[in-house]
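Architecture and fold: a report
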Amino acid sequence: MAASDAGRQTVNIIPIIGKADSISKTELQKFKNKIMSELVGNDVQIYQFPTDDETISKTNNVMNGHLPFAVVGSTEFVKIGNKMVRARQYPWGTVEVENENHCDFVKLREMLIYTNMEDLREQTHARHYELYRRCRLEEMGFRDIGPENKPVSLQEAYEEKRHEFYLQLQREEEEMRQRFVQRVKEKEAVLKEAEQQIQTKFEHRMLMNQEMKLKLEKKKKALEDEITVFLEKKASAELPQSQTSVSTPIVSLKRDKDRKNFT
């Protein structure tokens with residue numbers, strides 16, 4: 001089948017029916033008629049074999065009546081008579097791929113490869129591709145006729161479009177640069193604020209440390225003063241005891257001397 005863009009056919013369509021050996025001849029013909037009716041009813045244009053050439057017009061007329069082609073495919077070879085042919089083997093019989101009584105594979109191959117290959121290529125390029133290309137160029141702003149219905153050079157239109165695109169690219173680049181600069185400034189402001197907060201906390205902690213140091217120094221000085229007073233009191237308390245212990249032996253010696261003199 002084919003692809004399309006906005007309702008425009010962009011490639012040739014050649015409808016086929018695969019696995020045609022799965023239905024009977026009567027059902028197959030009804031199926032072909034239904035497919036063609038659906039294509040016509042939905043305004044789907046398919047590739048019709050050309051009939052303007054007298055040498056192939058008769059054959060192509062007949063082949064157009066066989067559309068869509070019903071084909072059978074196979075990768076296996078079966079011996080029929082004295083030769084090997086590509087076919088499908090079933091319990092009830094053999095379906096030959098290249099037997100026109102069994103399917104339309106030969107008709108399809110003959111029409112596409114041998115008879116109408118050049119016409120198919122020409123229509124695909126000259127009709128579908130060029131039409132698609134023209135429509136795409138018009139959507140992009142390239143037209144053969146200007147606003148005043150005057151012919152326009154494609155090169156000039158291309159250069160003008162290229163210049164517009166370049167200007168638009170510059171504007172977008174400048175906008176991106178401005179957004180980047182703005183984001184950098186916002187980030188710098190956030191970082192500066194965070195730095196200021198950290199600095200404030202640091203100064204507060206330093207002040208608290210200084211106050212704590214002063215308190216500790218005051219407590220240390222008070223403690224040292226208490227130790228000094230304590231030592232002085234201890235020294236003054238120990239002095240009378242030492243004097244008492246020194247005078248006692250002198251009195252005892254004097255008494256001993258008096259006793260000797262008395263005797």
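Our subject is the structure that appears above.
Not measured: the values here are computed from a predicted model.

Focus on the nonpolar core
When a protein is soluble and globular, its nonpolar side chains tend to lie buried together. Within the largest apolar cluster, 22 residues are counted, with the highest numbers of intra-cluster contacts made by Ile14, Phe49, Phe69, Leu108 and Leu112. Listing elements by their share of this core, those giving two or more residues are α1 (25-41), β4 (69-70) and α3 (105-115). Residues contacting leucine 112, with those up to four places away along its chain left out, are Ile14, Phe49, Met117 and Leu120.

Considerations on the side chain of asparagine 64
Position of asparagine 64 among the secondary structure elements: in helix α2 (residues 57-64). Not counting residues up to four positions away in its chain, the partners in contact with asparagine 64 are Gln48, Phe49 and Thr51.

Regarding the sheet that holds strand β5 (residues 77-80)
Strand pairing in a sheet is mediated by backbone hydrogen bonds. Such pairs are either parallel or antiparallel. Judged by pairing direction, the sheet is antiparallel, and its 3 strands sit side by side in the order β5-β6-β7 without closing on themselves. A single partner strand is all that each edge strand has here, and the edge strands are β5 and β7 (93-96). With direction set aside, neighbouring strand axes in the sheet form an average angle of 65°. Where β5 meets strand β6 (residues 83-90), 4 bridges bridge the pair, whose relative direction is antiparallel. Across the sheet, the residue bridging to lysine 79 is methionine 84, located in β6.

With respect to a nonpolar patch on the surface
A cluster of nonpolar side chains, Leu223, Ile227, Phe230 and Leu231, forms an exposed patch at the surface whose accessible area comes to about 410 Å². Tracing the backbone shows isoleucine 227 in helix α5 (residues 154-262).

Side note on the pattern of salt bridges
Taken as a whole and judged by the stated rule, the model has 6 salt bridges. Among the salt bridges present, the one from lysine 32 reaches aspartate 104, with a minimum N-O distance of 2.8 Å. In this pair, lysine 32 is assigned in helix α1 and aspartate 104 in the loop between β7 and α3, connecting sequence segments 72 residues apart. Across the pair, aspartate 104 and lysine 32 agree in class, each one buried. The shortest N-O distance in the salt bridge between glutamate 100 and lysine 107 comes to 3.3 Å. Accessibility expressed as a relative area gives 44% for glutamate 100, which makes it partly exposed. Within the structure, one salt-bridge network assembled from shared partners comprises Lys32, Glu100, Asp104 and Lys107.

Thresholds applied
Residues numbered from 1 in each chain as written. Predicted model: local features only at pLDDT ≥ 70, side-chain atom pairs only at ≥ 80, totals over all residues. Heavy atoms only, no water. Core = buried A, V, L, I, M, F, W, Y, C linked by side-chain atoms within 4.5 Å. Buried < 20%, exposed > 50% of the residue type's maximum accessible area, 1.4 Å probe, protein only. Helix = DSSP H or I, 4+ residues; strand = E, 2+ residues; numbered from the N terminus. Contact = heavy atoms within 4.5 Å. Pairing = 2+ DSSP bridges. Axes fitted to C-alpha atoms, helices over the stretch in contact; angles between N-to-C directions. Patch = residues over 30% accessible without salt bridge, like charges linked within 9 Å, V, L, I, M, F, W, Y side chains within 5 Å. Areas by Shrake-Rupley, 256 points an atom, 1.4 Å probe, with all protein chains shown as cover. Salt bridge = Lys/Arg side-chain N within 4 Å of Asp/Glu carboxyl O.

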